[in-house]
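So you can see what is in the structure, the chains are spelled out below.
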Amino acid sequence: MKLDVLGLFAACSYALDCVESELVHVTNNHSKRVAYMSVCIAEQMGIQGEALQDLAACALLHDNELTQYIQEELQNDISHFTAAKEPPKLEAHCASGEKNIRRLPFHTDISNVILYHHENANGSGPYGKTWEEVPLFSRIIHLCDIVDAASRNRNFVTDPWNTAKHFIQKSEGTLFDRECVEAFLEVFSETLFLSLDSDNLEIGLWKKIPRIKQELSFSQIRELANFFAHIVDYKSPFTSTHSIGVAQEAEDLARYMGFGEETVQKMYFAGALHDIGKVAIGNEILEKPGKLTDEEFKTMKHHAAYTYSILSGIEDFEEIRDWAAFHHERLDGTGYPFGKAAAELNTQERMMACVDIYQALTESRPYKPGMPHEKACGILYDMAEKGWIDGDIVRQVDALRSDRAADKDS
């Protein structure tokens, strides 16, 4: 299957930015700005071709493990950005991020790029590596990451360009190495730096890094799907395994219903991505154990539209996008986000709706135990009788689990 892998990574970067904004108060498009700046610096150093594409991908995904990403200095004044004697404990964040991307489809060797992207030039970073011991891509991303977060922190910066330039010059030899500092100052002017806040940022990035579809095996597609599901699920421990669970159930149901292997794998991918829009919903709503208020539920319902919007930026991804985003639509037209009716919902979209409900009912969460199969299917049959979901697919869900139980007992 051919996929727009860089487009997928860009979609993922938006999801990461939503989480990072909530945690450390940086502005949206942070990852895309880091990618654009990194590519500009690398081009100045003579890097091109597939290596440049891989740098852009690493920059887009540099903070893919945000459970450990609580950097106190990102919430303080820029004057506090120094090579501290006791740097924050970022090893787990870097190590987990390195592990997460290890199986993704890169063109070149990107070993240790994410692992060492918080190392300081003078060896004061989390792993104590000096700039000579750190991959060039790590050093480039490190500079761009810190400069963007610091100069665009919405809490205090009023003059981003001069703030950034002064900070970089002051930090040469401590945070940043001379090679990266010189390349940054050679390629960036105030106009170019400030243009990174424009709506044309992504257009500019793709002009420098063409998005060429890659032919991927089903195993590679599965790794991508799992990567995305992990991004979604660690947003909230209340739903920490939901996306993977939906992906697996969607795959099993599609295979049980006799679909071909490509459709089966696409259903897995759609299941992994179906809740990616939840990254734009605050945890005060996602993690509320009690019933949501009408206003909170209205906000929660936006997640399906966010899923649609996030996945719309990926080229030729409309089929998987729709299977993922329409999981709260109902056959009688009362669902969301688009109020689609039965004639507008295909079999895979109807399957995803059933699987999502079934998984949510049967999985345990901190505030409730999972329902047994019989009780969950009873609810599904009731919803089918009301005209909300497809009764034929509910029967397939019921039969699949019954057959599994029979196989297990035999």
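Computed from a predicted model, the values in this text were never measured in an experiment.

Asks: Even after reading the chapter, I still don't get the overall build of the chain, so can you show me in this structure?
Replies: When you go through the chain residue by residue, the secondary structure sums to 18 helices and two strands. A buried classification covers 53% of the 410 residues belonging to the chain. Of the contacts made within the chain by residues no fewer than 6 positions apart, 72% connect residues no fewer than 24 positions apart. Carbon together with sulfur atoms contributes 48% to the accessible area of the chain, which is approximately 17,400 Å² in total.

Asks: Got a minute to help me understand helix α5 (residues 136-151) in this structure?
Replies: Working note: α-helix, 3.6 residues per turn, so residues spaced by three or four point in the same direction. For α5, built from 16 residues, the straight-helix expectation of 22 Å at 1.5 Å per residue is met to within 8% by its first-to-last C-alpha distance of 23 Å. With 15 of 16 residues buried, α5 is to be regarded as a mostly interior element.

Asks: Looking at this structure, I do not really get the packing of aromatic side chains. What am I missing?
Replies: A full pass over the atoms with the stated rule returns 14 aromatic pairs. Relative to Phe193, the ring of Phe188 lies with its centre 6.3 Å away and its plane at 85°, an arrangement referred to as edge-to-face. The pair formed by Phe188 and Phe193 is uniform in burial state, with each residue classed as buried. When the ring of Tyr308 is compared with that of Phe326, the centres are 6.1 Å apart and the planes differ by 15°; the resulting orientation is stacked. Taken together, the residues Tyr308 in helix α14 (residues 294-311) and Phe326 in the loop between α15 (318-325) and α16 (347-362) connect sequence positions 18 residues apart. Note that Arg222 overlies the ring of Tyr268, its terminal NZ or CZ placed 3.9 Å from the centroid.

Asks: Looking at this model, I keep getting lost on the nonpolar core. Mind explaining?
Replies: The nonpolar side chains of a soluble globular protein tend to be buried with one another. Judged by nonpolar contacts, the single largest core of 106 residues is most densely connected at Leu3, Leu143 and Phe269. Ranked by residues supplied to this core, first place goes to helix α1 (residues 5-24) with ten residues. Those residues in contact with Leu3 that sit more than four places away from it in its chain are Leu8, Lys213, Gln214, Leu216, Ile221, Leu224, Phe269 and Phe317. With five residues, the next largest nonpolar core counts Ile281, Ile285, Leu286 and Met300 among its residues.

Asks: Is there a simple way to think about the packing of helix α10 (residues 218-233) against helix α11 (residues 242-256) in this case?
Replies: Relative placement of two packed helices is described by the angle separating their axes and the distance separating the axes. Their axes nearest at 8 Å, the elements α10 and α11 cross at an angle of 145°. Two secondary-structure elements touch here, α10 through Arg222, Asn226, Ala229, Val232 and Asp233 and α11 through His242, Ser243, Ile244, Gln248 and Glu251.

Asks: In this structure, what is going on with the side chain of Asn64? I would like to understand it.
Replies: Here Asn64 shows up in the loop between α3 (49-60) and α4 (91-101). On the accessibility criterion, Asn64 (0% relative accessible area) is buried. Looking at Asn64, its side chain comes within polar contact range of the main-chain oxygen of Leu61, at 3.0 Å. Here Asn100 takes part through its side chain, which lies 2.7 Å from a polar atom of the side chain of Asn64.

Asks: It is not clear to me how the environment of Gly245 should be interpreted in this structure. Could you clarify?
Replies: With respect to the helices and strands, the residue Gly245 is situated in helix α11. On the accessibility criterion, Gly245 (13% relative accessible area) is buried. The spacing of Gly245 and Ala360 is 115 residues in sequence and 9.0 Å in space, taken between C-alpha atoms.

Asks: Would you take a moment to explain unusual backbone geometry for this structure?
Replies: A negative phi angle characterises most non-glycine residues, just as the trans form characterises most peptide bonds. Tyr336 connects to Pro337 through a cis peptide bond whose omega is 15°. Structurally, Pro337 is set in the loop between α15 and α16. With a phi angle near 70°, Asn112 is a residue other than glycine that sits in the positive phi range. If you trace the backbone, Asn112 turns up in the loop between α4 and α5.

Asks: Would you mind going over the pattern of salt bridges with me for this structure?
Replies: A side chain with one charge can pair with a side chain of the opposite charge if their charged atoms come near. Across all of its chains, the model carries 21 salt bridges by this definition. Lys213 serves as the salt-bridge partner of Asp316, at 3.0 Å between the closest nitrogen and oxygen. Taken together, the residues Asp316 in the loop between α14 and α15 and Lys213 in the loop between α9 (201-208) and β2 (214-215) connect sequence positions 103 residues apart. Of the charged contacts in the structure, one is a salt bridge between Lys266 and Glu319, with a shortest N-O distance of 2.8 Å.

Conventions used here
- Residues numbered from 1 in each chain as written.
- Predicted model: local features only at pLDDT ≥ 70, side-chain atom pairs only at ≥ 80, totals over all residues.
- Heavy atoms only, no water.
- Helix = DSSP H or I, 4+ residues; strand = E, 2+ residues; numbered from the N terminus.
- Buried < 20%, exposed > 50% of the residue type's maximum accessible area, 1.4 Å probe, protein only.
- Contact = heavy atoms within 4.5 Å.
- Areas by Shrake-Rupley, 256 points an atom, 1.4 Å probe, with all protein chains shown as cover.
- Expected span 1.5 Å × (residues − 1).
- Phe/Tyr/Trp six-rings, centres within 6.5 Å; stacked < 30°, edge-to-face > 60°.
- Lys NZ or Arg CZ within 6 Å of the ring centre and 35° of its normal.
- Core = buried A, V, L, I, M, F, W, Y, C linked by side-chain atoms within 4.5 Å.
- Axes fitted to C-alpha atoms, helices over the stretch in contact; angles between N-to-C directions.
- Polar contact = N/O pair within 3.5 Å; in protein donor to acceptor, adjacent residues only side chain to side chain.
- Salt bridge = Lys/Arg side-chain N within 4 Å of Asp/Glu carboxyl O.

So yeah, pure geometry; function would need other evidence.
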